[in-house]
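# Reading the structure
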Amino acid sequence: MSAAASPDYEMVVGLEVHVQLKTRTKAFCGCSADFGAPPNTNVCPVCLALPGALPVLNQHAVELALRAALALDCKVNATSVFARKNYFYPDLPKGYQISQYDRPLAEKGWLTIGELDDGTPVRVGITRVHMEEDAGKSVHDRYAGATAIDLNRAGVPLIEIVSEPDMRSAAEAGAYLRLLKQILSYSGVSDVSMEEGSLRVDANVSARIRGATQLGTKTEVKNMNSFSAVERALDSEFARQVALLESGGTVTQQTMLWDGAKGETRASRTKEESHDYRYFPEPDLPPLVLDMEWVGRVGRAIPELPDARRKRMIGEYELSAADAELLTASAGMSEYFEAVARASLDPKAALNWVMGEVSAAVNAAGVRIDEFPVRPADLGELLRMVREDVVSHTAAKRVFARMVETGKPAAQVAAEEGLQKVGDDAALVEWIDEVLRENPAEAARYKSGETKLQGVLVGLVMKKSKGRADPRKVNQLLSERARV
Amino acid sequence: MKPPPRAPASAAKLLSRPLTECVACVREGAALPSDLVSAAFDRADDIGAGSESLNVFLATDRERATEHAKGLTALIGRAEAPGNLAGVPVAVKDNIATLDMPTTCGSRILEGYVSPFEATVVRRLRANGAVIIGKTNMDEFAMGSSTENSAYGPTRNPVDIRRVPGGSSGGSAAAVAAGIVRLALGSETGGSVRQPASFCGIVGVKPTYGRVSRYGLVAFGSSLDQVGVLARTVEDAALGLEVIAGCDQFDSTSADVPVPRYELEKNAGLKGLVIGKPREYFPERLDPRIAQECERALDAYRELGAEVREVSLPHTAYSIPVYYIVAPAEASSNLARFDGVRYGLRVPSERGLAGMYEATRARGFGPEVTRRILLGTYVLSAGYYDAYYKKAQSVRALIAQDFRDVFASGVDVLFTPTTPTPAFELGAVKDPYEMYVSDIFTASANLAGVPAMSIPIGDARGLPVGGQIIAPHFAEPVMFRAAFGLERALAGELLPGEKSA
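Cut-offs applied
Residues numbered from 1 in each chain as written. Chains lettered and ligands numbered in written order. Predicted model: local features only at pLDDT ≥ 70, side-chain atom pairs only at ≥ 80, totals over all residues. Helix = DSSP H or I, 4+ residues; strand = E, 2+ residues; numbered from the N terminus. Rg over C-alpha atoms; globule rule 2.2 N^0.38 Å. Buried ≥ 20, exposed ≤ 12 C-beta atoms within 10 Å, placed from the backbone. Contact = placed C-beta atoms within 7 Å. Nonpolar A, V, L, I, M, F, W, Y, C, P; charged D, E, K, R; others polar. Pairing = 2+ DSSP bridges. Axes fitted to C-alpha atoms, helices over the stretch in contact; angles between N-to-C directions. Expected span 1.5 Å × (residues − 1). Core = buried A, V, L, I, M, F, W, Y, C linked by C-beta atoms within 7 Å. pLDDT = per-residue confidence, 0-100. Right-handed = clockwise from strand over helix to strand, strands pointing away. Parallel < 35°, antiparallel > 145°, perpendicular 65-115°, else oblique. Left-handed = near helix turned anticlockwise from the far one by under 90°.

### Description of the overall build of chain A
Helices and strands together make up the secondary structure of chain A, namely 15 helices and 16 strands. What you see for chain A is a C-alpha radius of gyration of 30 Å, clearly larger than the 23 Å of a compact globule of 484 residues, by over 25%. Judged by the C-alpha coordinates and their principal axes, chain A covers about 100 × 70 × 55 Å. Sorting the 484 residues of chain A into buried and exposed places 40% on the buried side. Sequence separation of 24 or more characterises 68% of the internal contacts of chain A that already satisfy a separation of 6 or more.

If you want it as structure tokens, here you go:
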């Protein structure tokens with residue numbers, strides 16, 4: 001080792017994740033929380049901050065926030081307090097955001113994101129989970145020289161999940177985010193779509209010499225629109241900080257914006273740090289006092305989380321760890337698989353179909369699995385038909401394609417398309433004879449004892465029958481014809 | 001069906017009769033709601049309620065009010081329940097949202113602003129047959145004690161037009177005192193109903209925090225604000241409060257406590273009632289005429305069988321400083337929504353968004369509102385929060401504890417002067433701090449959330465003097481009981497079996 005070698009730096013990352021809760025209505029009024037409505041149509045006196053309007057807390061938002069907190073093993077506070085975060089911005093109608101400050105909904109949780117080679121779990125601490133409301137949207141590129149404001153999103157319920165600075169690489173941050181997304185999706189808390197803005201990530205990142213116990217000066221990185229953008233931004237920002245430190249400079253605490261096109265972070269022009277939000281308890285809402293028995297019921301009602309589901313599936317369906325991992329990447333896909341496995345009584349076939357045909361078709365259609373036209377029960381029926389020899393494997397793929405197009409049940413498609421297996425001797429003999437007539441040379445060689453041609457001829461018969469012929473019977477009948 | 005007999009001649013007279021009589025006449029068809037409405041508007045014209053004189057109203061709509069009144073007549077004709085305030089003309093303070101007239105809060109920043117929804121209290125009034133005849137003048141955003149802070153000129157006191165009617169509900173108090181309406185809505189943050197009631201010689205009630213919905217009341221200090229009623233008599237005030245009180249799903253701070261029938265306290269008598277006389281409310285420097293009238297009232301209490309007990313509320317001296325930290329802090333946040341973006345005044349600027357905010361708010365808000373926003377922003381700022389806002393909240397808790405302690409000691413209600421002085425002349429009080437001291441006896445009830453009311457108890461040099469009755473949380477019935485008794489005693493009327501000692 002050379003004495004001049006630069007010290008080994010370590011990345012330290014903490015993440016702040018904002019997640020839109022999957023409620024029908026907004027956090028403090030009855031307006032629809034749907035995404036994509038025409039601008040300023042999901043608004044009312046409360047979310048427009050008209051004089052005299054008052055907020056009323058959406059109980060479903062509390063339940064979803066609690067689910068998230070409990071799924072992240074947080075300690076839920078029996079009493080939490082809403083607070084006003086004051087700042088002026090045109091898409092913030094009240095001039096303050098209703099949030100939680102010194103008494104959040106829940107604190108001190110954790111998420112296990114993997115394990116070290118020696119089996120030690122890698123845990124990321126969750127500092128807090130608190131409830132707040134979203135702001136509206138400022139649209140800068142719609143009208144020349146003017147900013148348009150859309151307040152449909154104003155007042156949509158959010159939770160902010162703040163992690164401890166426990167991640168040591170971009171990959172760990174990525175693993176944390178993917179797992180967090182899975183958990184929030186599994187527990188029905190959120191749609192967790194970065195494209196639709198229902199999940200947003202800000203990262204606090206700093207660099208320090210490996211082994212140091214003090215944290216370095218951090219910067220906050222914003223404007224990342226995907227998990228891979230987060231990973232790239234972290235690597236880029238870390239490299240920038242290390243370069244600064246190695247050249248004898250110091251890191252300035254500031255907000256950095258990720259520029260995905262250039263692949264670099266640059267300092268934000270707005271001095272966020274100079275904001276004084278003048279937090280104080282929200283006088284329009286009494287403290288949120290939770291019935292801890294109800295909290296217990298909410299916890300018990302949380303759907304099975306990914307880790308538990310992986311373990312159970314491996315045992316119940318004899319899946320490999322890798323297959324279980326792939327299947328449980330999305331809650332919807334694993335639920336779909338289970339339903340198919342149960343309906344078909346054939347987990348192996350269910351796995352092959354779900355990972356193969358179903359994934360391909362879902363991806364091709366660009367839909368979510370819960371919007372996929374082939375219901376798991378119908379696919380289960382198709383697999384049962386295959387096992388019971390009602391349709392051939394080849395025909396089954398065509399039946400499936402028609403089911404994707406029409407959404408009709410398997411039996412109906414097979415009947416309509418004439419794709420059931422044909423086991424009727426007369427029909428099979430007719431096809432066999434046609435094949436033998438059309439291929440006289442092969443027919444002659446076969447009849448003269450060249451039995452290795454059997455496969456070729458069966459294939460031709462299958463083709464002629466459009467996959468409907470029962471291959472077992474074709475084999476048998478073909479051998480009989482050769483002896484004639 | 002026989003049309004009800006027209007009685008236009010009696011309508012003007014009816015306005016000077018108790019509400020129960022008005023309502024009974026309307027229900028029996030002896031008076032038409034439209035005649036009562038006409039009488040109210042005629043009285044306003046006669047007495048000079050316009051901006052050149054008393055300047056009571058910021059908006060009136062005679063045509064719509066008359067239409068509403070005719071609608072009520074149709075209801076009564078079909079024998080449908082017209083409500084407990086059938087046909088009663090009511091004036092509403094301009095910081096309470098109404099559909100048919102602007103809601104400006106006495107501010108330029110909301111000039112011409114018409115709310116697309118109506119306050120819960122206004123809906124309750126209408127559902128009970130009341131007819132809203134106008135929106136009353138007020139100190140801008142309810143910040144003031146004289147109605148001189150209105151952007152639309154001061155209201156004058158009908159008792160003496162050289163003097164202020166008090167504030168901030170000065171327009172509502174003047175409307176009642178001038179005989180235009182029997183009932184008006186005001187709002188309180190630190191005495192804004194009781195102080196003008198006292199200055200104008202009428203009854204003003206500030207209910208328990210949470211007793212009345214704040215939905216549609218434009219917020220000033222959200223943890224202190226309550227809608228209150230102004231009336232000529234205790235009974236009218238009781239009827240009015242009963243109509244507007246009650247839990248509201250649109251206000252999370254409204255309480256789910258049943259609303260009693262306050263007017264049933266009318267004949268309950270005073271025997272056995274323990275009246276606390278807190279020494280902090282009777283300082284050496286109190287106007288001697290006011291002190292004298294208070295003593296007369298306390299004597300009347302004793303004569304009718306109540307016990308008067310000297311008590312102490314030791315943290316009273318802090319109520320003004322605490323109030324002037326908490327209320328402006330909340331106001332600085334509540335008034336942030338007036339930013340020129342969505343409604344109200346917008347003053348364009350060459351300097352972009354920040355310039356527009358500054359120009360709009362600088363032109364839209366008057367000096368007192370600006371002062372309080374600055375004060376409130378300061379006390380919430382990083383580095384000052386603990387020393388001011390947090391400290392004030394701790395002291396506020398001590399003030400509330402004073403009330404709990406004194407009521408737990410067996411005192412039913414407290415009796416105090418409402419204000420340290422009678423109505424002063426327009427322009428006489430120039431120093432903001434001196435103006436703030438007008439609230440010295442009233443602000444604690446808002447800080448503690450307890451109900452309090454002012455009733456006329458006499459006069460000082462020809463000017464009305466108000467006495468204040470303060471009760472425990474949601475104990476409005478005992479407050480009204482004490483008020484009914486005192487009102488009767490001062491009028492020289494006795495209940496059967498009651499005799500002067």
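### Structural notes on the overall build of chain B
Each helix and strand counted, chain B has 16 helices and 11 strands in total. At 22 Å, chain B has a C-alpha radius of gyration in line with the 23 Å of a compact globule built from 501 residues. Its C-alpha atoms give chain B principal-axis dimensions of about 70 × 55 × 45 Å. The burial tally for chain B puts 60% of its 501 residues in the buried class. Considering only intrachain contacts with a sequence separation of at least 6, the fraction spanning at least 24 residues in chain B is 76%.

### Topic: the interface of chain A and chain B
On the side of chain B, 34 residues touch chain A, which itself brings 25 residues to the contact. Residue classes in the side of chain A that touches chain B are distributed as 17 nonpolar, 3 polar and 5 charged.

### Describing the sheet that holds strand 11 (residues 463-470) of chain B
Whether parallel or antiparallel, the strands of a sheet pair through hydrogen bonds between backbone atoms. Residues and elements named next belong to chain B. Spatially, 11 strands are ordered 1-3-2-4-6-5-10-11-9-7-8 in an open sheet, and the strand pairing comes out mixed. Strands at the two margins of the open sheet, each flanked by one partner only, are strand 1 (57-60) and strand 8 (307-311). Taking each pair of neighbouring strands and ignoring which way they run, the sheet shows an average axis angle of 30 degrees. In this structure, strand 1 lies alongside strand 3 (residues 131-136), joined through 3 bridges in antiparallel fashion. Bridge pairing in strand 3 places T60 opposite G134.

### Describing the environment of V354 of chain A
Residues and elements named next belong to chain A. In this structure, V354 sits in helix 8 (residues 347-365). On the basis of neighbour count, V354 is assigned to the buried category, with 25 C-beta atoms found within 10 Å. When the C-alpha atoms of V354 and K26 are compared, they prove to be 36 Å apart, with 328 residues separating the residues in sequence.

### Regarding helix 3 (residues 33-47) of chain B
Residues and elements named next belong to chain B. Over its 15 residues, helix 3 runs 21 Å from end to end, which matches the ideal 21 Å to within 8%, given 1.5 Å per residue. Buried within helix 3 we find P33, S34, D35, L36, V37, A39, A40 and A44. Taken from the residues just after helix 3, G48 is the one with a positive phi, measuring 80 degrees.

### Re the environment of Q253 of chain A
Locating Q253 of chain A in the fold gives a position in the loop between helix 3 (227-246) and strand 13 (255-259). Taking the C-alpha atoms as reference points, Q253 of chain A and E220 of chain A, separated by 33 residues in sequence, lie 7.8 Å from one another.

### Some points on the sheet that holds strand 10 (residues 157-163) of chain A
All names here are of chain A. A sheet is described by the order of its strands in space; here 9 strands give the open sequence 2-6-7-10-1-11-12-13-14, paired in mixed fashion. With partners counted over all chains shown, the strands left at the sheet margins are strand 2 (75-76) and strand 14 (264-267), one partner each. Bridging between strand 6 (residues 106-115) and strand 7 (residues 121-133) involves 8 bridges; their strand directions are antiparallel. For E115, the partnering residue across the bridge sits in strand 7 and is P121. Docked against the sheet, helix 2 (residues 170-186) engages strand 1 (9-20), strand 6, strand 7, strand 10 and strand 11 (199-209), running at close to 115 degrees with respect to strand 6. Most of the contacts of helix 3 go to strand 11, to which it runs at about 30 degrees, and overall it touches strand 1, strand 11, strand 12 (219-222), strand 13 and strand 14.

### Focus: the nonpolar core
Within the largest apolar cluster, 233 residues are counted, with the highest numbers of intra-cluster contacts made by A65, A69 and V129 of chain A together with V88 and V90 of chain B. Setting aside residues up to four positions removed in sequence, V90 of chain B forms contacts with L125, A130, V131, I132, I133, V181, L183, A184 and L185 of chain B. In this structure, V340, V374, V386 and V391 of chain A belong to the second largest nonpolar core, which totals 31 residues.

### Quick look at helix 5 (residues 120-127) of chain B
Residue and element names in this part refer to chain B. T120, V121, V122, R124 and L125 are the residues of helix 5 that are buried. Contacts from the buried residues of helix 5 go to strand 2 (89-93), strand 3, strand 4 (183-188), strand 6 (226-231) and helix 8 (234-244). Of the residues one or two after helix 5, G129 is the one with positive phi, at around 90 degrees.

### Considering the confidence of the model for chain B
Residues and elements named next belong to chain B. Per-chain confidence: chain B averages 94 in pLDDT, with 97% of residues scoring 70 or above. Long-range and interchain partners of residues 1-9, a stretch whose pLDDT sits below 50, account for 10 contacts in this model, where long-range means more than four residues apart. Reported confidences for the modelled complex are a pTM of 0.87 and an ipTM of 0.95.

### A short note on the pairing of strand 11 of chain B
Residues and elements named next belong to chain B. With 8 of its 8 residues buried, strand 11 lies for the most part within the structure. Summarising the sheet, strand 9 (residues 413-417) and strand 11 pair through 4 bridges and their orientation is antiparallel. Opposite T416, over in strand 11, you have Q468 as the bridge partner. Sheet topology note: the strand 10 (residues 452-460)/strand 11 ladder contains 8 bridges and is antiparallel. Looking at strand 11, one finds that A452 is bridged to I470. In textbook terms, the turn of a hairpin is the stretch between consecutive antiparallel strands, and for strand 10 and strand 11 this stretch comprises 2 residues, one of which, R461, has a positive phi near 50 degrees.

### Let's talk about unusual backbone geometry
Between G167 of chain B and the following residue, S168 of chain B, the backbone shows a cis peptide bond with an omega angle of 5 degrees. Its place among the elements puts S168 of chain B in the loop between strand 3 and helix 6 (170-177). Despite not being glycine, K108 of chain A shows a phi value in the positive range, around 55 degrees. For K108 of chain A, the location among the structural elements is in strand 6. A residue is classified by how many C-beta atoms lie within 10 Å of it, and K108 of chain A, with 14 of them, is partly exposed. Its identity as a non-glycine residue notwithstanding, T147 of chain B has a phi of 65 degrees, on the positive side. Structurally, the position occupied by T147 of chain B is in the loop between strand 3 and helix 6.

### Topic: the pairing of strand 3 of chain B
The side chains of a regular strand alternate, first on one face of the sheet and then on the other. All names here are of chain B. Among the 6 residues of strand 3, 6 are classified as buried, and the element is accordingly described as predominantly covered. One ladder, built from 5 bridges, connects strand 2 with strand 3; its direction is parallel. The partner of V90 across the bridge, within strand 3, is I132. Each parallel crossover has a hand, and for strand 2 linked through helix 5 to strand 3 it is right-handed.

### Some remarks on the environment of M313 of chain A
Residues and elements named next belong to chain A. Looking at where M313 falls in the secondary structure, it is placed in helix 5 (residues 306-317). A tally of 24 C-beta atoms within 10 Å means that M313 is categorised as buried. The contacts of M313, once residues within four sequence positions are left out, are L319, A324 and L327.

### Considerations on the packing of helix 9 (residues 376-387) of chain A against helix 10 (residues 393-406) of chain A
Residues and elements named next belong to chain A. At a closest axis distance of 10 Å, the pairing of helix 9 and helix 10 adopts a crossing angle of 160 degrees. Taken together, helix 9 and helix 10 sit at an angle that is classed as roughly antiparallel. Read as a crossing pair, helix 9 and helix 10 show a hand that is right-handed. Two secondary-structure elements touch here, helix 9 through D378, L382 and V386 and helix 10 through H393, A396, V399, F400 and M403. Broken down by class, the residue content of the contact of helix 9 with helix 10 amounts to 6 nonpolar, 1 polar and 1 charged.

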